Amino acid sequence: MMMKKGNLLIKNAAELVTCSGFEAKKGKAMSDLHMIFDGAVVVEEGMIKAVGKTEEILGQYPEENYEVIDASGKAVLPGFVDSHTHFLFGGYRAEEFSWRLRGDSYMEIMERGGGILSSVKATKAATREELFTSAMKRLDSMLSFGVTTVEGKSGYGLDYATEIKQLEVMKEVNAAHPIDVVSTFLGAHAVPKEYKGKEDDLIDFFIEKVMPEVAERRLAEFCDIFCEKNVFSIEQSRRLLTKAKEMGFKIKLHADEIVSLGGAELAAELGAISADHLLQASDKGIEDMAKTGVIATLLPGTAFSLKEKFARGRYMIDQNCAVALATDLNPGSCFTESIPLIFALATLYMGITTEEAITALTINGAAAVDKADKVGSIDVGKQGDLILLEFPSYKYIPYHIGVSTVEKVIKDGIVVFHKI
């Protein structure tokens, strides 16, 4: 179904946090939020038409032509972009979480049939209707936190039928929900038992049997791989992602999460849009990413959930990287869609400033899904995706620890969420 497009005028914003830009911001530039005090925004047919001081905007755009929101005492920001999630899955893994609390490692749990393979079994068993319904509920929750664009991965099939099923349902969800969904093919997410020791054959299977259909039917924009020790090697990752690029996919990869394997360097070598996780990324890998413009997508919720050290966000920004933040919502290692939690972890434990965190979840998140020309900032010509806070400043986001400060969410100029 086609979502409606709105004609909207927001006036008197205490802070209009535009995050202005059409590409990722690196290093020191991440601190510049391009603020307008007493700001106003005009949205026509879903697209941003004008941005400026309230007095200037009201002199050019008569209020009677628009739905009007008086944002006095409120901060207005771009809608958040959650650029790394696995939101479409079957089943849950609450027991696994208790195993981790008693000290079992992520890899130990995987080896006993838990982890990703547990979600694969549940997702294979789930009907399309069950996957659709649960995904819509998760997106409703994300929307309440101010997310207006989200990336969603397959990867809980590891076969032909279920990978295609996940991506088809994701396409249906994208059409039915206000949030824009950017789909990623992650068939190479884990190694099923029948392919243990035959990982090259599994890569061949994806390249020859699954990816051509995904590409032909445009079921995914991106291709991703879990490049990690005991999962897929650097060479296997290079082979799959090189073929993916030839098929027209944009590429990203799970890199250097558990072991410093060289995933960051590979991302730079291949011209990936982003490399994600990066807890163990080397100095050289970070330097290579900064030089080549690969977005460093950091997932502090996962490190927190796994009780691992956080990625070196402060160091990456100081090395002139473009850093994005995302939730990594998934049923195992990080079962949360909480944007306030991500802000809290980034600012309190990663040395990232509030301004840098805002950039990381707006324009840099948009760049991490190759949508910085369409969303992620309040700029003329972009989609009218905006959030109003309950408070007069963006600084309340991490300050109100773990609690959402989002009062209204606007998608394409239509109010799609209002906190009661």
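From a predicted model like this one, the values you see are computed outputs, not experimental measurements.

A few words on the overall build of the protein chain. Check the secondary structure of the protein chain and you find 16 helices and 16 strands. Its C-alpha atoms give the protein chain a radius of gyration of 21 Å, near enough to 22 Å, the size a compact globule of 420 residues would have. Taking the principal axes of its C-alpha atoms as reference, the protein chain extends roughly 70 × 45 × 45 Å. Considering the protein chain as a whole, with its 420 residues, one finds that 60% of them fall into the buried category. Expressed as a percentage of contacts within the protein chain between residues at least 6 apart in sequence, the contacts between residues at least 24 apart total 72%. Entry remark: accessible area of the protein chain is about 16,000 Å², with carbon and sulfur atoms responsible for 52%. Looking at charge distribution, the protein chain has the averaged site of its 47 positive side-chain charges lying 2 Å from that of its 61 negative ones.

Here we take up the pattern of salt bridges. If charged atoms from side chains of opposite charge come close, those side chains can pair. Under the criterion given, the structure shown has 29 salt bridges. Two residues, R314 and D318, come together in a salt bridge whose shortest N-O distance is 3.2 Å. Taken as a pair, R314 and D318 lie in helix 12 (residues 313-318) at a separation of four residues, close to a single helical turn. The salt bridge partner of D373 is K374, with a shortest N-O separation of 3.3 Å.

Attention now moves to the packing of aromatic side chains. Inspection of the entire model under this criterion finds ten aromatic pairs. Consider the rings of Y396 and Y399, whose centres lie 5.7 Å apart with planes at 75 degrees: the pair is edge-to-face. With Y396 and Y399 both in helix 16 (residues 396-399), this residue pair falls three residues apart, about one helical turn. A relative accessible area of 61% places Y399 in the exposed class. One Lys or Arg, K252, reaches over the ring of F222 and ends 4.8 Å from the middle of that ring. Lying across the ring of F22, K382 places its NZ or CZ 4.7 Å from the centre.

The next thing to look at is empty space enclosed by the protein. Evaluated as defined, the whole model comprises two cavities of 30 Å³ or more. If you add up the space inside the largest cavity, you get close to 110 Å³. Around the largest cavity, the lining is made up of 13 residues, and of these H86, Y106, H189, N330 and S333 lie nearest the centre. Residue composition of the lining of the largest cavity, by class: four nonpolar, six polar and three charged. The calculated volume of the second largest cavity comes to roughly 50 Å³. Taken together, F80, F145, I339, P340, I397, V403, S404, T405 and V406 make up the lining of the second largest cavity. Broken down by class, the residue content of the lining of the second largest cavity amounts to seven nonpolar, two polar and no charged.

With that settled, consider the pairing of strand 7 (residues 147-153). Taking burial as the measure, the seven residues of strand 7 include seven buried ones, the bulk of the element. Where strand 6 (residues 80-82) lies against strand 7, three bridges are found, and the strand directions are parallel. The residue bridging F80 from the neighbouring strand is V147, located in strand 7. Where strand 7 lies against strand 8 (residues 180-188), five bridges are found, and the strand directions are parallel. Looking at strand 8, one finds that G152 is bridged to S183.

Right, let's get into the layout of surface pockets. Here the largest pocket is characterised by a volume of approximately 580 Å³. If you trace the largest pocket, you find 31 residues lining it, with N174, V181, V182, E221 and K371 closest to the centre. Breaking the lining of the largest pocket down by element, the ones donating at least two residues are helix 6 (160-176) and strand 8.

Running from N to C, helix 7 (residues 199-216) and helix 8 (residues 234-246) cross one another at 10 degrees; their axes reach a closest spacing of 10 Å. Compared by their axis directions, helix 7 and helix 8 come out roughly parallel. Contact with helix 7, carried on its side by E199, D200, I203, D204, F206, I207 and M211, involves Q236, R239, L240, K243 and A244 of helix 8 and no other residues of that element. The residue makeup of the contact of helix 7 with helix 8, split by class, is six nonpolar, one polar and five charged.

A few words on helix 5 (residues 128-144). Between its terminal C-alpha atoms helix 5 stretches 25 Å, which fits the 24 Å expected from 17 residues at 1.5 Å a residue. Listed in full, the buried residues belonging to helix 5 are L131, S134, A135, M136, R138, L139, M142, L143 and S144. For helix 5, the elements touching its buried residues are helix 4 (116-125), strand 7, helix 6, strand 8, strand 15 (406-411) and strand 16 (414-418). G146 sits one or two positions beyond helix 5 and adopts a positive phi of about 95 degrees.

What follows is about helix 9 (residues 263-270). When you tally the buried positions in helix 9, you get six out of eight residues, the bulk of the element. Buried-residue contacts for helix 9 involve strand 9 (222-227), helix 8, strand 10 (250-255), strand 11 (274-277) and helix 10 (283-292). Immediately beyond the C-terminal end of helix 9, within one or two residues, lies G271, with a positive phi of roughly 70 degrees.

As a rule of thumb, nonpolar side chains are buried together in soluble globular proteins. Counting 100 residues, the largest nonpolar core has F87 and L278 as its most contacted members. The dominant element in this core, judged by the number of residues it contributes, is helix 7, at seven residues. Counting 15 residues, the second-largest nonpolar core is a separate cluster that includes L8, A13, I69 and V76.

Before going further, it helps to examine the environment of G155. Structurally, G155 is set in the loop between strand 7 and helix 6. Taking relative accessible area as the criterion, G155 reaches 0% and is therefore assigned buried. Contact partners of G155, with chain neighbours within four places excluded, come to I116, V120, E163, Q166, L186 and H189.

Rules used in this analysis
Along each chain, numbering runs from 1 in the same order as the chain's sequence is written. The predicted nature of this model means local features are confined to residues of pLDDT at least 70 and side-chain atom pairs, given and counted, to a pLDDT of 80 or more, with totals for whole chains, interfaces and linings taken over all residues. Side-chain numbers come from the whole structure's heavy atoms, not from hydrogens or water. Here a strand is any run of E in DSSP of at least two residues, a helix any run of H or I of at least four, and the numbering for each starts at the N terminus. Put simply, the radius of gyration uses C-alpha atoms, and a globule should come to 2.2 Å times the residue count raised to 0.38. For the exposure calls, accessible area comes from a 1.4 Å probe over protein chains only, and a residue counts as buried if that area is under 20% of its type's maximum, exposed if over 50%, partly exposed in between. By definition, residues are in contact when any of their heavy atoms lie within 4.5 Å. Here the Shrake-Rupley method, with its probe set to 1.4 Å, supplies the accessible areas, and only the displayed protein chains count as covering residues. Counting rule applied: Lys, Arg positive; Asp, Glu negative; His and chain ends not counted. By convention, the point assigned to a charge is CZ for Arg, NZ for Lys, CD for Glu and CG for Asp. Here a salt bridge means any side-chain nitrogen of Lys or Arg lying within 4 Å of a carboxyl oxygen belonging to Asp or Glu. Here the aromatic set is Phe, Tyr and Trp, taking the six-membered ring for Trp, and pairing holds for ring centres within 6.5 Å; pairs whose planes are under 30 degrees apart are stacked, those over 60 apart are edge-to-face, and all others are tilted. Two thresholds decide whether a charge sits over a ring: the Lys NZ or Arg CZ must be within 6 Å of the ring centre and within 35 degrees of the ring normal. Any residue with an atom within 4 Å of a point lines the site, the site being either a cavity, points on a 1 Å grid over the protein atoms alone where a 1.4 Å probe fits but cannot get out, or a pocket, an open set with protein on both sides within 12 Å along at least 5 of 7 lines. Grid points are joined across faces, edges and corners, and a volume is the space filled by probe spheres set on the points. Put simply, Ala, Val, Leu, Ile, Met, Phe, Trp, Tyr, Cys and Pro go in the nonpolar bin, Asp, Glu, Lys and Arg in the charged bin, and everything else, Gly too, in the polar bin. At least two bridges found by DSSP between two strands is the condition for calling them paired. Helix axes are fitted only over the stretch in contact, all axes being lines through C-alpha atoms; the angle between N-to-C directions runs from 0 to 180 degrees. Roughly parallel means an angle under 35 degrees; roughly antiparallel, over 145; roughly perpendicular, 65 to 115; everything else is oblique. Helices are assigned an expected span. That span is 1.5 Å times one less than the residue count. We call a set of buried Ala, Val, Leu, Ile, Met, Phe, Trp, Tyr and Cys residues a nonpolar core when their side-chain atoms join them within 4.5 Å.

Purely spatial values, then, with no claim about function.
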